[in-house]
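# Coordinate inspection notes
Listed below, chain by chain, are the residues.
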Amino acid sequence: MTVAKVKPTISPELLNQIDIRVGTIESVSDVENSEKLVALRVNFGDHKRTILAAMKRERASPREIEGKQALFVVNLSPREMAGMVSEGMLFDIGYLDGITPVLAMPETPVPDGTRAG
């Protein structure tokens, strides 16, 4: 892998606008109209959301991440994809560098909804 160049500098104020939270992936289901997407049902403690992630081709069994905690961006505008609405974005590691992605997750369990930053 070739390490990518560091992106341009941003202000702390801009970074503080991104709301990244820990959620537990309660279920992973197939998105029928897509070759890439699965629907994650994620518990954020005070509410649950459906977040679509393009991981069908990345894992032999996407359901292997059920029950795991991961980081999610929760303040993105809802986005329709393959006939479903995604209410956030899974934070993963590796996809942009062309390696098999892994979850960005806390080293030990924390309460769902805990903020990153």
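Note that the structure is a prediction, hence the values are computed from the model and not measured.

Tracing the sequence through the fold places isoleucine 20 in strand β1 (residues 20–30). For isoleucine 20, a relative accessible area of 14% translates into the label buried. Residues isoleucine 20 and valine 3, 17 residues apart in the sequence, show an inter-C-alpha distance of 24 Å. Look past the residues within four positions of isoleucine 20 in its chain and what remains in contact with it is Leu71, Phe72, Val73, Phe91, Thr114, Arg115 and Ala116.

With that settled, the discussion passes to the packing of aromatic side chains. The full count for this structure, using the stated rule, is 1 aromatic pair. Between phenylalanine 44 and phenylalanine 72, the ring centres sit 5.6 Å apart and the planes meet at 85°, which makes this aromatic pair edge-to-face. Here phenylalanine 44, found in the loop between β2 (37–43) and β3 (48–54), pairs with phenylalanine 72, found in strand β4 (residues 69–73); they are 28 residues apart in sequence, far enough to count as distant. Its relative accessible area of 2% is what places phenylalanine 44 among the buried residues. For phenylalanine 72, a relative accessible area of 0% translates into the label buried.

Looking at soluble globular proteins, one finds that nonpolar side chains tend to be buried together. With 15 residues, the main nonpolar core has Ile25, Leu40, Val42, Ile65, Phe72 and Leu90 as its most contacted residues. Contributing elements (two or more residues each) for this core: β1, β2, β3 and β4. Of all the elements, β2 adds the most residues to this core, at 3 residues. Residue contacts for isoleucine 65: discarding those within four places in its chain leaves Ile25, Val28, Leu40, Met55, Arg59 and Leu103.

Reading the values: the criteria
- Residues numbered from 1 in each chain as written.
- Predicted model: local features only at pLDDT ≥ 70, side-chain atom pairs only at ≥ 80, totals over all residues.
- Heavy atoms only, no water.
- Helix = DSSP H or I, 4+ residues; strand = E, 2+ residues; numbered from the N terminus.
- Buried < 20%, exposed > 50% of the residue type's maximum accessible area, 1.4 Å probe, protein only.
- Contact = heavy atoms within 4.5 Å.
- Phe/Tyr/Trp six-rings, centres within 6.5 Å; stacked < 30°, edge-to-face > 60°.
- Core = buried A, V, L, I, M, F, W, Y, C linked by side-chain atoms within 4.5 Å.

Honestly, that's just the spatial picture; any functional story needs more than this.
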